[in-house]
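# Summary of structural features
Listed below are the residues making up each chain.
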Amino acid sequence: FPRTDPAVIMLVSSGNRVVLGRKAEWVEGMYSTLAGFVEPGESLEEAVAREVFEEVGIRVDNVRYHSSQPWPFPSSLMLGFYADALSEDINPNMDELEDARWFTRAELADGGAGIARRPRSDSIARRLIAEWIEQG
């Protein structure tokens, strides 16, 4: 059977805001959901909590599954989640991200975080954000 590596991708919220991160190599001004690979022996929920803490220093709870998407780079299955932040203090890991910040529904609905420049409107990151905006 072909190998498939699970990866988690998550939208972390606190009230009317979500935290998004940005990598230096991305298009200027573009931010996206946080993501990372699942480590051997950890649950998907544990991977969400670990990756969020590693990337932005925020503890989360109420981790809930949203959907999945095949991701061919490198033979991964992206598993999408929502999670609730336990604090709003961001401490970005500068080895992984260039920046991270909170965005409101209004900012994202108006094209903030480079949403309009995201290449695939059917990506799981885009779906997580779009559905969160609609829930408001």
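Before going into details, it helps to say that this report is about the structure given with it. Note that residues are indexed from 1 along each chain, following the sequence as it is written. Since the coordinates come from a predicted model, pLDDT governs what is reported: local features require at least 70, and pairs of side-chain atoms require 80 or more to be given and counted, while whole-chain, interface and lining totals use all residues. Hydrogens are left out, water is left out, and the side-chain values use all remaining heavy atoms of the structure.

Secondary structure counts use DSSP, requiring at least four H or I residues in a row for a helix and at least two E residues in a row for a strand, with both numbered from the N terminus. For the protein, the helix and strand inventory stands at 3 helices and 6 strands. Listing every helix and strand of the protein by position from the N terminus yields β-β-β-α-β-β-β-α-α. The globule rule is 2.2 Å times the number of residues to the power 0.38, and the radius of gyration it is compared with is taken over C-alpha atoms. Its C-alpha atoms give the protein a radius of gyration of 14 Å, within 12% of the compact-globule value 14 Å for 136 residues. Expressed as lengths along the three principal axes of its C-alpha atoms, the size of the protein is roughly 45 × 30 × 30 Å. Out of the 136 residues belonging to the protein, those deemed buried represent 43%. When contacts within the protein are restricted to residue pairs at least 6 apart in sequence, those whose partners lie at least 24 apart make up 70%. To be clear on the numbers: accessible area is Shrake-Rupley with a 1.4 Å probe, and residue cover counts the displayed protein chains and nothing else. Accessible surface computed for the protein: about 7,300 Å², of which carbon and sulfur atoms make up 52%. Buried, partly exposed and exposed residues are distinguished by accessible area as a fraction of the type maximum, computed with a 1.4 Å probe on protein chains only: under 20%, between the cut-offs, and over 50%, respectively. Only heavy atoms matter for contacts: two residues are in contact if any of them lie within 4.5 Å across the pair.

As a further point, take the nonpolar core. Residues M10, V12, V52 and I58 are the most contacted members of the largest nonpolar core, which totals 19 residues. Mapped onto this core, the elements with two or more residues apiece are β1 (5-14), α1 (44-56), β5 (76-85) and β6 (99-104). Residues contacting V12, with those up to four places away along its chain left out, are R17, V18, V19, V52, V60, A83, D84, A85 and W102. Y31, I115, A125 and I129 belong to the second-largest nonpolar core, a separate cluster that totals 17 residues. Think of a nonpolar core as a cluster: buried Ala, Val, Leu, Ile, Met, Phe, Trp, Tyr and Cys residues, connected wherever their side-chain atoms sit within 4.5 Å.

Definition used for salt bridges: Asp or Glu carboxyl oxygen within 4 Å of a side-chain nitrogen of Lys or Arg. A full pass over the atoms with the stated rule returns 8 salt bridges. The partner of R22 in a salt bridge is E98, with the nearest N and O atoms 2.6 Å apart. Within this pair, whereas R22 is found in strand β2 (residues 17-22), its partner E98 is found in the loop between β5 and β6, the two being separated by 76 residues in sequence. Overall, E98 belongs to the partly exposed group, its relative accessible area being 38%. Two residues, E54 and R50, come together in a salt bridge whose shortest N-O distance is 3.2 Å.

Let's shift gears to the pairing of β2. In terms of residue burial, β2 counts as a mostly covered element, since 5 of its 6 residues are buried. Where β1 meets β2, 3 bridges bridge the pair, whose relative direction is antiparallel. Note that in β2 the partner of S13 across the bridge is V18. Counted along the chain from β1 to the antiparallel partner β2, the turn is 2 residues long, and its residue G15 has a positive phi close to 60°. Any two strands with at least two DSSP bridges between them are considered paired.

Once that is clear, we can look at the environment of T33. Locating T33 in the fold gives a position in the loop between β2 and β3 (34-37). The spatial distance from the C-alpha of T33 to the C-alpha of W132 is 12 Å, given a sequence separation of 99 residues. If we ignore the near neighbours within four places in the chain, the residues touching T33 are I9, M10, L11, L20, A125, L128 and I129.

Each Phe, Tyr or Trp ring (for Trp, its six-membered ring) is paired with any other whose centre lies within 6.5 Å, and the angle between the two planes then decides the class: stacked below 30 degrees, edge-to-face above 60, tilted in between. A complete count under the given rule lists 2 aromatic pairs for this structure. Taking the centre distance of 5.1 Å and the plane angle of 65° together, the rings of Y31 and F103 count as edge-to-face. In this pair, Y31 sits in the loop between β2 and β3 while F103 sits in strand β6, placing the two residues 72 residues apart along the sequence. For the cation-ring pair, R101 lies above F103, with the distance from its terminal atom to the ring centre recorded as 4.0 Å. By the criterion adopted, a ring carries a charge over it if an Arg CZ or a Lys NZ lies within 6 Å of its centre and within 35 degrees of its normal.

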